[in-house]
Amino acid sequence: MASSNGLSVAIAVLLGCASHVGYVGAASAREPTPGYPEAVIQWGVQRGETCDDIAKVLYGSSSHVGLIQRYNRVACGPGATLAEGTTLVLPAEVTSIPDAKIRSMRPDVRARPAGGAWSPATPGMPLLANSSVNTLDEGRADIEFVDRTRVLLAPNTLVVIHGTASLTRVSRTPPAAVELEDGEVKAALAALRGQTVDVVASGGGRVSASSRDTVVQRRGERTTVAVFDGKASVSSGGLSVVVPKDHGTRFVGRSPPARPRPLPPAPEWAERASADVASIALAPAGLGVLSASWKPAPQAAGYRVEVARDPEFHDLVAREEVKPDIVSFRAEKMPAGAYFLRVRVIDREEYLGVGAVRRFHLVAARASGGVAPSAGEITANPYGIVELTPSPALELAIDGGPFGPVPERIDLLQRAPRELRLRERGGAAAERLPDAVTSLPVRYTTVGAAIEASRAADGGALEARVALEGVEGIDVARRVAPRIHAHLPGGVRSAALAGGDGGLTARIPLPGEAARPGEPLRVRLDVADGRGRVIGTREVELPALPAAPGAPAPARPPSAPVLGAYLPLLPVSGVADVLWLGPTPPAVVAAGAAASRAGGGWVAAGQVRASGALGPLGFDVALRSNPAGDGEAAGSAGWLGARFRAVRLGRSAFELGPTLRLGVPLADAAPPVRVEPGVALGGAAGRLTWVVNAGARVRVGEGEGDAAGDGGSAGDGGSAGGAGSAGSGGPAAPSAQGFLVAGGTADAAPWLRLHGALDLHLVHRDRGADDVLGALSAGAEAGGALFGALSVRVSPWRAADEGPVTAQIAVGFREAPP
């Protein structure tokens, strides 16, 4: 009867096999099923079936019962029935494969087979039952079992890999994946049907984790369990406790586990960072920086800092445990990619806390043109290309445009963006959070052009030479496509610039009127890129062509240079208002004002000036208004002058001539009539000119102030004598004075003339001692036909009606400088 029952069971199992067994993925049982190292089938468990029954049906003997546990965490004890309806994944035939393999590892990992010797481990190394794996000081390892359960080993951890077949006959519980002798392991679930991962502690205790993140630490006889996902059952000393998420327990030796307690909470980030927002930065040359800070946590004995390439922290890049006074982290030269930073508190009881996690994205960026982007901005050549490493996790927007996939390259010549914006893909809903979008300003380097030009030997063309600046690393011919534009009589002509490292050149034919002998030709040259953007400009003067053989040269003498300043300073004084004049006056009409601190307060006076020449005879007029302000100064006066250029050598290499000026009072407070004879001489040498005036000034007639006394003089410290009056009470003019004014000019540019002069006066007074007065003046005149002038005069030895410093500003019209 017993034999009949046994046979009926076998028949039932065989019939069940026909209806419940199916092959997955491969047509042949010998071809590996995708996702598995061998061909597998699925088996649906029926009521009353045991592991022995299934092994006999599929493999012909119950001795192969260990194959049932290869991909399934089930108890296969003698007589133990399996849960009806369970779907098992089973090898299609009897095979022998390693129980696990080293999926990935860091240096400093070693392994040994059962009974063998230690040797360096390698990624992909198979691990058979009872093999040992040991991570050293800098080592980490990720062990993957055939059922795709994973166990991660921290540094200084020793584990023993347990086979399944050897434990099947003596245990009613699923075998443990590893035995932890010392160190730390992280148990993670396989992606199959909510299985458990079992870890036994050497010397006693068992952890059965239904979790993607449970950390088991063994130090000496103490085992600590921290659950960060799911739950774990911890058994020791005959008692078991269930540890929920974010709780932990521990036991020593074979003693019962402690009551689960909450783990330390996650630390708070010091920055205003949201867990939903990633930090995005550029990685110039493919290397970037990760940095973060957190607030000190109370009761913290230290922190664990981890950097990984995946959110599960399986692929660890770095792990450090630091002291409680360290609250920041920085990693440099990190390759581009996505990173995850996790910080956990380690409390005083050495429990590992809940992690605070931040996401980082480092985007590799390179800009052509010899300029490297920084982490927070892009500095690039306007003709360059920005190359980015696309990331499926990110999207990019240019300026105010829409977000889209990160492009591999951005042509700055076509787009010329001012800003690049980056965010995580699908981050539109997070834009309201701070820092959801990372803005990267784009700054452009300066590109310029140095231009030289000359007339061709045949005289019929302009030959230009151009050196572009700031285009290192740029394909100039294709990206810049430079052209030169010449503004010539009759219109603008242009030509393409071509050449190599020695510079760019172009030849532009000149129009007929410009190619004839005559005056020099002034040409404005513009260098522009292919889109018309001006890169550089310069005005050049091409020399006149020589007269044709046998033809008389144009008989037009060159213009003589102006000697001295166009508008020398006119002091607000009745004594020192001697002008610095050249033998030939320039053609000028101007108006201005001068200001000085005199008589205890500030005074200012306007002026109108004009001068010109008819051949060697020159004339000048200078009118000064009444002073305004709270100081004392001479009243309104006018000067009329004439000069005759008696000598001129060459093109004003030397000039000499007499001068005569007449001063006329225009107000009651002005000095009386004065006569000023003198002599002027000067010369020019290139851009430099010099002028010397010498003469005397004599007062004609006397005013009321003569009875009171002549005006005194003042040195640096103040007045040296009493101030008299002339006319209706203004400062008195001395009865006679001699003067010497000498100075020079320099043309810094065709439109800019700088000048400086020294003036000395020997003043004779009717009453009182004679005085010697002196001052230095300097100024600048800028412009063309319309020009402006600014002068300053410093008077160490001065008249009483004159301040220590006088400033003059004027604007006017003049004959264009030669």
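Before reading further, recall that the structure is shown in the block above.
Reference entry: report on the structure contained in this document.

How each quantity is defined
- Starting from 1, residues in each chain are numbered consecutively following that chain's sequence as written.
- Thresholds applied to this predicted model are a pLDDT of at least 70 for local features of residues and 80 or more for the giving and counting of side-chain atom pairs; totals over whole chains, interfaces and linings are not thresholded and use all residues.
- Water and hydrogen atoms were dropped before computing side-chain values, which therefore reflect all heavy atoms in the structure.
- Throughout, disulfides are identified as pairs of cysteine sulfur atoms within 2.5 Å of each other.
- Numbering goes from the N terminus for both helices and strands, where a helix is a DSSP run of H or I of at least four residues and a strand is a run of E of at least two.
- Throughout, exposure labels follow a simple rule: accessible area from a 1.4 Å probe, protein chains only, divided by the maximum for the residue type, with under 20% read as buried, over 50% as exposed, and the rest as partly exposed.
- Two strands are counted as paired when DSSP detects at least two bridges linking them.
- Helix axes are fitted to C-alpha atoms over the stretch in contact, other axes to C-alpha atoms as well, and angles between N-to-C directions run from 0 to 180 degrees.
- Residues enter a patch when their relative accessible area is above 30% and they make no salt bridge; the linking distance is 9 Å between like charges and 5 Å between nonpolar side chains (Val, Leu, Ile, Met, Phe, Trp, Tyr).
- Every accessible area reported is derived by Shrake-Rupley at a probe size of 1.4 Å, with residue values counting cover from the shown protein chains alone.
- We define a salt bridge as a side-chain nitrogen of Lys or Arg found within 4 Å of a carboxyl oxygen belonging to Asp or Glu.
- Charge counting treats Lys and Arg as positive and Asp and Glu as negative, with His and both chain ends excluded.
- Where a charge lies is defined by one atom per residue type, namely NZ (Lys), CZ (Arg), CG (Asp) and CD (Glu).
- Each nonpolar core is a collection of buried residues, namely Ala, Val, Leu, Ile, Met, Phe, Trp, Tyr and Cys, held together in the definition by side-chain atoms within 4.5 Å.
- Pairs of residues are marked as contacts when any of their non-hydrogen atoms sit within 4.5 Å.

Notes on the state of the cysteines
Per the stated rule, a full pass over the model turns up one disulfide. Cys 51 shares a disulfide with Cys 76; S-S distance 2.0 Å. Disulfide Cys 51-Cys 76: the torsion about the S-S bond is -60 degrees, which places it as left-handed. Residue Cys 51 is found in helix α2 (residues 51–59), and its partner Cys 76 is found in the loop between α2 and β3 (87–91); the two are separated by 25 residues along the sequence. For the residue pair Cys 51 and Cys 76, the accessibility class agrees, reading buried in each case.

Looking at the sheet that holds strand β40 (residues 503–509)
With antiparallel pairing, four strands are arranged side by side in an open sheet as β35-β36-β40-β39. A single partner strand is all that each edge strand has here, and the edge strands are β35 (448–455) and β39 (498–500). Taking the axes of each pair of neighbouring strands and ignoring which way they run, one obtains an average angle of 25 degrees across the sheet. The pairing of β39 with β40 spans three bridges and is antiparallel. Residue pairing for β40: Gly 499 is matched across the bridge by Leu 504.

Observations regarding a negative patch on the surface
Together, Asp 108, Asp 137, Glu 138 and Glu 320 make up a negatively charged patch on the protein surface. Mapped onto the secondary structure, Glu 138 falls in the loop between β8 (132–135) and β9 (141–145). The exposed category is assigned to Glu 138, whose relative accessible area is 57%.

What to know about the nonpolar core
The biggest cluster of nonpolar side chains holds 32 residues, and the ones touching the most others in it are Val 133, Ile 143, Leu 153, Val 159, Ile 161 and Val 185. Of all the elements, strand β12 (residues 178–188) adds the most residues to this core, at four residues. Apart from the residues lying within four places of it in its own chain, the contact partners of Val 133 are Val 109, Arg 110, Ala 111, Trp 118, Leu 127, Ile 143, Leu 153, Thr 157, Leu 158 and Val 159.

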